Amino acid sequence: MHLEQLTLIVDDYDEAIRFFLDALEFELVEDSPSSTDDGREKRWVVVRPPGATTALVLARADDERQERVVGDQFAGRVGLFLRVDDFQASYDRMRAAGVEFVTEPRQEPYGRVAVFVDVAGNRWDSLGPRPSQ
């Protein structure tokens, strides 16, 4: 058993796709036309880190309630955690791509970490490899 997908509500499909592909180097798994339960057009957009099995569904906010939570889906807390193989290289590349880091890198018992915000404003941890035990 595993989590297959998580939904991230965004303002704009194309802007979100560019962020995840260009800044985070995710892969685009799917971008297909779809429709809402009441028949309005939407897209089914799925991205994920290379080699990962868990993916993000990028869902455009389609009503006022959803628009209010764009960027605050985790009530201001870090809600997503991206483990990377080479923390410094990933951090440098993401900063060069315009990713906003809201903390400086620091060492924690679970690895090196820095908090960044995604295209919608949600907080993520960028995590380096776990220290060897």
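Throughout, a residue's number is its position along its own chain's written sequence, starting from 1. Only residues with pLDDT of at least 70 are given local features in this predicted model, and only at 80 or more are side-chain atom pairs given and counted; all residues enter the totals for whole chains, interfaces and linings. In computing side-chain values, all of the structure's heavy atoms are included and hydrogens and water are not.

Caption draft 1: Summary view of the packing of aromatic side chains. Note on ring pairs: Phe, Tyr and Trp rings are taken, using the six-membered ring of Trp, and paired if centres are within 6.5 Å. Classes follow the plane angle, with under 30 degrees stacked, over 60 edge-to-face and the rest tilted. Applying the stated rule across the entire model yields eight aromatic pairs. With 5.4 Å between their ring centres and 50° between their planes, phenylalanine 20 and phenylalanine 26 make a pair best called tilted. Exposed residues in this analysis have more than 50% of their type's maximum accessible area, buried residues have under 20%, and partly exposed residues fall in between, with area computed by a 1.4 Å probe over protein chains only. Look at phenylalanine 26 and you get buried, because its relative accessible area is 7%. A ring pair is formed by phenylalanine 26 and tryptophan 124, whose centres lie 6.4 Å apart and whose planes are at 70°; its orientation type is edge-to-face. In this pair, phenylalanine 26 is assigned in the loop between helix H1 (13-23) and strand S2 (27-35) and tryptophan 124 in strand S9 (residues 123-127), connecting sequence segments 98 residues apart. Secondary structure is summarised from DSSP: a helix means a run of H or I of at least four residues, a strand means a run of E of at least two, and numbering begins at the N terminus for each.

Caption draft 2: Expanded view of the UniProt feature "domain: VOC" (unreviewed entry) in the chain. With numbering matched to this structure, UniProt assigns "domain: VOC" (unreviewed entry) to residues 2-129. Structurally, residues 2-129 comprises 21% helix and 41% strand, and the distance from its first C-alpha atom to its last is 21 Å. UniProt positions are given in the numbering used here, feature names are shortened, and annotations may be inferred rather than shown by experiment.

Caption draft 3: Here's a closer look at the nonpolar core. We define a nonpolar core as any set of buried Ala, Val, Leu, Ile, Met, Phe, Trp, Tyr and Cys residues linked to one another through side-chain atoms lying within 4.5 Å. Counting 25 residues, the largest nonpolar core has Phe20 and Leu58 as its most contacted members. When residues of this core are traced back to their parent elements, those giving at least two are strand S1 (5-10), H1, strand S3 (41-48), strand S4 (55-60), strand S5 (78-83), helix H3 (87-96) and strand S8 (111-117). The leading source of residues in this core is H1, at six residues. In what follows, a contact means two residues having at least one pair of non-hydrogen atoms within 4.5 Å. When sequence neighbours within four positions are dropped, the list of residues in contact with leucine 58 reads Leu8, Val10, Tyr13, Ala16, Ile17, Phe20, Val45 and Val47.

Caption draft 4: Region of interest: the pattern of salt bridges. One speaks of a salt bridge when a side-chain nitrogen belonging to Lys or Arg is within 4 Å of a carboxyl oxygen belonging to Asp or Glu. By the definition in use, this model includes seven salt bridges. Among the ionic pairs, arginine 43 bridges to aspartate 14, the shortest N-O distance being 3.0 Å. Residue arginine 43 is found in strand S3, and its partner aspartate 14 is found in helix H1; the two are separated by 29 residues along the sequence. Judged by its relative accessible area of 23%, arginine 43 is partly exposed. Close ionic contact of arginine 93 with glutamate 25 constitutes a salt bridge, the shortest N to O distance being 3.4 Å. With arginine 93 in helix H3 and glutamate 25 in the loop between H1 and S2, this pair connects stretches of sequence that are 68 residues apart. Owing to a relative accessible area of 42%, glutamate 25 belongs among the partly exposed residues under this scheme.

Caption draft 5: Spotlight on the pairing of S4. Strand pairing is assigned whenever DSSP identifies at least 2 bridges connecting the two strands. The sheet contact formed by S1 and S4 spans six bridges and is parallel. Across the sheet, leucine 8 pairs through a bridge with leucine 58, a residue of S4. In this sheet, S4 lies alongside S3 in antiparallel orientation, the contact comprising three bridges. Its bridge partner lying in S4, valine 45 is registered against leucine 58. Connecting S3 to the antiparallel partner S4 that follows it, the hairpin turn spans six residues, and glycine 51 within it adopts a positive phi of roughly 80°.

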